[in-house]
Amino acid sequence: MLEICALVKNFTHPDTEVLHKINLTVRAGEFVVVIGPSGSGKTTLIRCINRLTDPTAGEIFFEGQPTSQLRGAKLRALRTQIGMIFQDYNLIYRSNVMQNVLHGRLGQMGFFRSALGLYSRQDLREARELLVAVGLEEFTHNKAQSLSGGQMQRVGICRAMMQNPKLLLADEPISSLDPASAKVVLDQIKALTQARGLTSIINLHQVDFAKAYASRIVGLRLGEIVFDGVPEDLTQEMTDYIYAR
Ligand code: ADP
Ligand code: MG
């Protein structure tokens, strides 16, 4: 599904290299959780995958296709296959819940229909089904800004699913939420991705949540992968090492 080869990223000059020759292969259906302290490069890594950030060196293959040089329509086509859930939700807060969910469909719609917001009956039905699945049907017509953080993130989940992606990326989707809301959000991400056979890469800061949900954990420390394995193999010593200053 995804092959990351010798990925290097620096934002300014080589002295400030953020990712150092990262190698990572993700197979279809995996639920990979990337853990690591703040500044270890988790956000940069997933933003390189959907090219919100351009890699400095190395290559990322998505279903065998190199992505680093994609431009224009080909880059947009890549991005429609990769759903993204953001740390700060990235909703249109003045729009209602339904409109936010439907936005996930725009990338597949052709210029005129998307410019005019001409969604099909099928689009509306799928959006409604997703809102039912995450328990937000009664908020369908409420403005996004009126929701709690957990509810906003569940709208973010629906929007990503409306895209029908092959790969789901999530960047610390629960970092602003209380533990109960965090659990609901992770349960819903896991349930929806499993039901659809989606491949997922989720950045999380919290090791306990990572262990509870991941099929595979990747530990990032100072821009390098220092652990890659099943949750049962992540020892306390390794966790301490990943998070050591
Ligand atoms: P994490 O998500 O694990 O907290 P990030 O990927 O956000 O880590 O950041 C890794 C490093 O890259 C940090 O040192 C951060 O300051 C730096 N960095 C991230 N984004 C930028 C940017 N746009 N410009 C310059 N430096 C950046
Ligand atoms: Mg981050």
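Above this text is the structure in question.
Residues numbered from 1 in each chain as written. Chains lettered and ligands numbered in written order. Predicted model: local features only at pLDDT ≥ 70, side-chain atom pairs only at ≥ 80, totals over all residues. Heavy atoms only, no water.

Asks: Before we move on, could you go through the site of ligand 1 and cite the residues and values that matter?
Replies: Lining the immediate environment of ligand 1, one finds F11, V18, P37, S38, G39, S40, G41, K42, T43 and T44. One of the backbone N or O atoms of S40 is found 3.3 Å from an oxygen atom in ligand 1. A distance of 3.1 Å is found between an oxygen atom of ligand 1 and a backbone nitrogen or oxygen belonging to G41. With 3 residues, the single largest contributor to the shell around ligand 1 is helix α1 (residues 42-49). (Near = heavy atom within 4 Å. Polar contact = N/O pair within 3.5 Å; in protein donor to acceptor, adjacent residues only side chain to side chain. Helix = DSSP H or I, 4+ residues; strand = E, 2+ residues; numbered from the N terminus.)

Asks: Give a description of the state of the cysteines that names residues and reports values.
Replies: Counting across every chain of the model gives 0 disulfides. Free of any disulfide, C5 has its nearest neighbouring cysteine sulfur in C48, separated by 13 Å. C5 sits in the partly exposed class, given a relative accessible area of 23%. (Disulfide = S-S within 2.5 Å. Buried < 20%, exposed > 50% of the residue type's maximum accessible area, 1.4 Å probe, protein only.)

Asks: I'd like to hear about the packing of aromatic side chains, residue by residue, with values.
Replies: Under the defined criterion, the tally for this structure stands at 1 aromatic pair. For the ring pair F209 and Y213, a centre distance of 6.4 Å and an interplane angle of 35° mean the geometry is tilted. Here the residue F209 and the residue Y213 both occupy positions in helix α8 (residues 207-213), the gap between them amounting to 4 residues, near one helical turn. Neither F209 nor Y213 differs from the other in exposure class; each is buried. The cationic tip of K9 hangs over the ring face of F11; the distance from NZ or CZ to the ring centre is 4.9 Å. Looking at R221, its charged tip hangs above the ring of Y241, at a distance of 4.5 Å from the centre. (Phe/Tyr/Trp six-rings, centres within 6.5 Å; stacked < 30°, edge-to-face > 60°. Lys NZ or Arg CZ within 6 Å of the ring centre and 35° of its normal.)

Asks: Describe the sheet that holds strand β6 (residues 82-85), listing the residues and the values that go with them.
Replies: Read from one edge of the open sheet, 6 strands run β6-β7-β8-β3-β9-β10, paired in mixed fashion. Both edges of this open sheet fall to β6 and β10 (224-229), since each of them pairs with a single strand only. Strand-to-strand twist in this sheet, taken as the mean axis angle between neighbours without regard to direction, amounts to 15°. Here 4 bridges tie strand β3 (residues 31-35) to strand β8 (residues 199-203), and the two strands are oriented parallel to one another. The residue of β8 that forms the bridge with V33 is I202. (Pairing = 2+ DSSP bridges. Axes fitted to C-alpha atoms, helices over the stretch in contact; angles between N-to-C directions.)

Asks: Describe the packing of helix α6 (residues 149-162) against helix α7 (residues 179-195), listing the residues and the values that go with them.
Replies: When two helices pack together, their arrangement is given by the angle between their axes and by how far apart the axes lie. Packing of α6 against α7 brings their axes to within 9 Å, and their N-to-C directions diverge by 10°. Viewed along their axes, α6 and α7 adopt a mutual orientation that is roughly parallel. In terms of crossing hand, the pair formed by α6 and α7 is right-handed. For the pair formed by α6 and α7, the contact residues are G150, Q153, R154, I157 and M161 on the first element and S181, V184, V185, Q188, I189, L192 and T193 on the second. (Parallel < 35°, antiparallel > 145°, perpendicular 65-115°, else oblique. Left-handed = near helix turned anticlockwise from the far one by under 90°. Contact = heavy atoms within 4.5 Å.)

Asks: I'd like to hear about α1, residue by residue, with values.
Replies: With 6 of its 8 residues buried, α1 lies for the most part within the structure. Among the residues of α1, those classed as buried are K42, T44, L45, I46, C48 and I49. The positive-phi residue at the C-terminal boundary of α1 is R51, with phi of around 60°.

Asks: Lay out the pattern of salt bridges in plain terms, naming residues and giving numbers.
Replies: Evaluation of the coordinates by the stated rule reveals 10 salt bridges. Taking the shortest distance from any N to any O, the salt bridge between R105 and E126 comes out at 2.5 Å. Of this pair, R105 sits in the loop between α3 (97-102) and α4 (111-116) while E126 sits in helix α5 (residues 121-133), and the two are 21 residues apart along the sequence. Residue E126 is classed as buried on the basis of its relative accessible area, which comes to 18%. (Salt bridge = Lys/Arg side-chain N within 4 Å of Asp/Glu carboxyl O.)

Asks: Before we move on, could you go through α7 and cite the residues and values that matter?
Replies: Because an α-helix packs 3.6 residues into every turn, residues spaced three or four apart end up facing the same way. Its 17 residues place the ends of α7 24 Å apart at the C-alpha level, agreeing with the 24 Å of an ideal helix rising 1.5 Å per residue. Within the span of α7, buried status applies to A182, V185, L186, Q188, I189, K190, L192 and T193. One side-chain oxygen at the N-terminal end of α7 lies 3.1 Å from the backbone nitrogen of A180; it belongs to D178. (Expected span 1.5 Å × (residues − 1).)

Asks: Residues and numbers for the nonpolar core, please.
Replies: Counting 46 residues, the largest nonpolar core has V33, I35, I174, I189 and L204 as its most contacted members. Going through the elements one at a time, β3, α3, α5, α6, β7 (167-171), α7 and α8 are the ones with two or more residues in this core. Counting residues per element, this core draws most heavily on α6, which supplies 7 residues. Once residues within four sequence positions are removed from consideration, V33 is found in contact with I202, L204, A210, A214, R216, I217 and V218. Judged by nonpolar contacts, the second largest core, of 26 residues, contains L2, I46, I60 and L75. (Core = buried A, V, L, I, M, F, W, Y, C linked by side-chain atoms within 4.5 Å.)

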